[in-house]
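# Working through the structure, step by step
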Amino acid sequence: MKRILPFAFALALSAPAFAQTVDNQGAKELSDNLARYFGKQAFDKGVLKVSVEGDAYKIAFDVKALVNALPEQKLLKFDMAPYALMVKPRSDGSWDVSSNFSQGGSFEFDGPKGHQSMEFTVKDGKVTGVYDPALAAFTSGTSSLAGMTMTSREAKQQADVSTGAGTATVTATKSANGGVDFTATQKVSSFVEMIKVDDPEKGLNFPVTLKTPELSVDANGKGVRTKPLLDLLAFAVANEDEAKLKANQAELKSLMLAALPIWERVDGNYGFKDFEVDSPVGKFGATQFSTAFGMDGVSQNGKVDYAIKATGLTIPRQTLPEWTLPLLPTDIDLNFGGANIDLDTMAKKAIEAFDLNKNPPLSDEFGKALVADFKAKNPKVVIGRSTVKNGDVELAMEGEMTFPGEKPDATVTVDIGGYDKIVDALKEGAKSDEQMAQAFPFALAVKGFGKTLPDGRLEWVINTKADGSVTVNGAMLKGPDAVQDDSAGQDDNSDQDGGTDDNGGAGAKLKP
């Protein structure tokens, strides 16, 4: 929350900076501008307050007042000091933004899972930056903290999180095709999360501890439509009344179209150095572990990408049979996602068609037609080249899958280096494991289907068609599924009593 609030407030500073003289009139103008995005009630109820403090404006956000203003809130306890931003207009029309977010807080409530509570502290938290109203983004910004702790308690689970020092940076520039290009980085040291589960009903009672001396986050975006998104926020605040919203839905549609494609591309990556997971069955670990995500904006040919990578994997061995040890992976590189995703046509058709005066705003028939149109564009599930390996064996896979009908149409290529090592391990396992004894002949049969590549690896190109057929390296492994004849048994001249045919056979007569 502490890292999000400065960004949210700064986004709201979207009007041009006022005269460099900071005074009460400027504070009123800033309050009016903020009210466009947070609502006038936020000021009336004391959630937000703007005041003059020296040569800057102080924007105070009182979380207690916000909680008290929420309908039917059932908190038993809430304690958190107001959060404040200092903002100062610059001569170039941008704003200097700074804050000290060193503080703590706690709350308790009775929820569906019983009594729950949470406490947190942030030590020596600071943020500074320059916000450009013309871009609705930080052109530069840095933040730091000396450490953080958080404790949460539920009836059947508790968690304790702590970190050491952390830093973050963000920069943004005007995008060539509209919107904003940004980059953001964050590093946190000494991350530790201890989780204890105690659920007698499910027979669970175990602790887990996650550790990493360095957690890093990297993100970048291209063409993010910050200004149109702010316009949508202002519209939502100004049209909270349902009748007013319905009357102004033409403006809403215009604003929604202006916000497309939302962004051209966003990518992010979480990285963990010397990652460890201590569990009752032993310690899992990786010298480097990362997860990445990337997504195109609303476009006619969009892509979504995921990646999971780990090097130096360690897995508890005490619970595994000895024969499996040569097959344990030490490195993984998994890449998958989607392609040829047409969200642009869907979004524009839905925006054009919805009517808030109808219930539902979009008919079921329209929704079904929209989904059918989306499928007709043939979106793909894509497996980028992915590998799982150890010192002796490497398994690689890549391919793609489409859904022309109810059944998929897929092509997947699998190649393995060191396949004989796999066979040797299974052969050893077959001596003491009945299941491996059954799998061993299968492993030999699979090898027979493989194609030997120049480097000695074995390759299998597997094709499955929507008709149910399967081929491996061009050889038919399974033919097409039988075609169902819906007219069978409906011949008006067939025997109605299930008697014998002319040849004395039982059953219905079949036409040639």
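Residues numbered from 1 in each chain as written. Predicted model: local features only at pLDDT ≥ 70, side-chain atom pairs only at ≥ 80, totals over all residues. Heavy atoms only, no water.

## Observations regarding the pattern of salt bridges
- All told, the structure shown has 31 salt bridges when counted by the stated rule.
- The closest approach of N and O atoms between Glu201 and Lys156, which form a salt bridge, is 3.3 Å. Of this pair, Glu201 sits in the loop between β13 (180-199) and β14 (204-224) while Lys156 sits in the loop between β10 (147-153) and β11 (157-163), placing them 45 residues apart in sequence.
- We classify Glu201 as exposed; its relative accessible area is 72%.
- Where Glu428 meets Lys431, a salt bridge forms, and the shortest distance between an N and an O atom there is 3.2 Å.
- Members of the salt-bridge network, linked through shared partners, are Arg385, Lys389, Glu394, Glu398, Asp415 and Arg457. (Salt bridge = Lys/Arg side-chain N within 4 Å of Asp/Glu carboxyl O. Helix = DSSP H or I, 4+ residues; strand = E, 2+ residues; numbered from the N terminus. Buried < 20%, exposed > 50% of the residue type's maximum accessible area, 1.4 Å probe, protein only.)

## Quick notes on helix α9 (residues 364-376)
- When the terminal C-alpha atoms of α9 are compared, their 18 Å separation across 13 residues agrees well with the 18 Å that a helix rising 1.5 Å per residue should span.
- At the C-terminal side of α9, Asn378 shows a positive phi close to 60 degrees. (Expected span 1.5 Å × (residues − 1).)

## A word on the environment of Ala310
- By secondary structure assignment, the location of Ala310 is in strand β17 (residues 302-311).
- Taking C-alpha positions, Ala310 is 9.7 Å from Val388, a pair spaced 78 residues apart along the chain.

## Re unusual backbone geometry
- Residue Pro261 follows Leu260 across a cis peptide bond; omega there is 10 degrees.
- Within the secondary structure, Pro261 sits in the loop between α7 (249-259) and β15 (265-279).
- The peptide bond linking Asn359 to Pro360 adopts the cis configuration, its omega dihedral lying at 0 degrees.
- By the element assignment, Pro360 lies in the loop between α8 (343-353) and α9.
- For Ile262, which is not glycine, the phi dihedral falls at a positive 75 degrees.
- Topologically, Ile262 is positioned in the loop between α7 and β15.
- With a phi close to 50 degrees, Asp274 is a non-glycine residue in the positive phi region.

## Quick word on the environment of Gln116
- Within the secondary structure layout, Gln116 lies in strand β7 (residues 114-123).
- According to the relative accessible area criterion, Gln116 is buried, its value standing at 14%.
- As for Gln116 and Ala155, which are separated by 39 residues in sequence, their C-alpha atoms are 7.1 Å apart.
- Contact partners of Gln116, with chain neighbours within four places excluded, come to Phe107, Glu108, Phe109, Gly111, Arg153 and Glu154. (Contact = heavy atoms within 4.5 Å.)

## Topic: the confidence of the model for the protein
- Across the protein, the average pLDDT comes to 88, with 90% of residues at 70 or higher.
- Helix α1 (residues 4-11) is the least confidently modelled element of the protein, averaging 42 in pLDDT, while β17 averages 98, the highest of any element.
- When the criterion is pLDDT under 50, residues 1-16 qualifies, and its contacts beyond four places in sequence or with other chains add up to 50 contacts.
- Taken as a whole, residues 492-512 scores under 50 in pLDDT and shows twelve contacts with residues more than four places along the chain or in a different chain. (pLDDT = per-residue confidence, 0-100.)

## Comments concerning the packing of helix α2 (residues 24-38) against helix α5 (residues 226-238)
- Where α2 contacts α5, the axes come no closer than 6 Å and their chain directions differ by 85 degrees. Taken together, the axes of α2 and α5 lie roughly perpendicular to each other. In contact with Ala35, Arg36, Tyr37 and Phe38 of α2, α5 contributes Leu230, Leu233, Ala234 and Val237.
- In the contact of α2 with α5, the residues fall into seven nonpolar, no polar and one charged. (Axes fitted to C-alpha atoms, helices over the stretch in contact; angles between N-to-C directions. Parallel < 35°, antiparallel > 145°, perpendicular 65-115°, else oblique. Nonpolar A, V, L, I, M, F, W, Y, C, P; charged D, E, K, R; others polar.)

## Digging into the packing of aromatic side chains
- Throughout the structure, instances matching the rule amount to eight aromatic pairs.
- For the pair Phe107 and Phe109, a centre-to-centre distance of 6.1 Å together with 20 degrees between the ring planes defines the contact as stacked.
- An aromatic cluster of at least three residues, connected via ring pairs, comprises Phe272, Phe275 and Phe289.
- Lys253 extends its terminal NZ or CZ atom over the ring of Phe354, reaching a point 4.8 Å from the ring centre. (Phe/Tyr/Trp six-rings, centres within 6.5 Å; stacked < 30°, edge-to-face > 60°. Lys NZ or Arg CZ within 6 Å of the ring centre and 35° of its normal.)

## What about the pairing of strand β23 (residues 458-464)?
- As paired elements, strand β21 (residues 409-417) and β23 share seven bridges and run antiparallel to each other. Looking at β23, one finds that Thr411 is bridged to Asn463.
- Pairing of strand β22 (residues 451-452) with β23 involves two bridges; the strand directions are antiparallel. Within β23, the residue paired with Thr452 across the bridge is Leu458.
- From the end of β22 to the start of β23, which pair antiparallel, there are five residues, and Gly456 there has a positive phi angle of about 95 degrees. (Pairing = 2+ DSSP bridges.)

## Here we look at a nonpolar patch on the surface
- A cluster of nonpolar residues, Val281, Phe284, Ile315 and Leu320, forms a patch on the protein surface that exposes about 270 Å² of accessible area.
- Structurally, the position occupied by Leu320 is in the loop between β17 and β18 (331-341).
- Residue classification places Leu320 among the partly exposed residues on the basis of a relative accessible area of 31%. (Patch = residues over 30% accessible without salt bridge, like charges linked within 9 Å, V, L, I, M, F, W, Y side chains within 5 Å. Areas by Shrake-Rupley, 256 points an atom, 1.4 Å probe, with all protein chains shown as cover.)

## Considerations on helix α10 (residues 419-429)
- For α10, every residue scored as buried is listed here: Tyr419, Ile422, Val423, Ala425, Leu426 and Gly429. Taken around the axis of α10, the buried residues stretch over an arc of 160 degrees, which confines them to a single face. (Arc of directions from axis to C-beta.)

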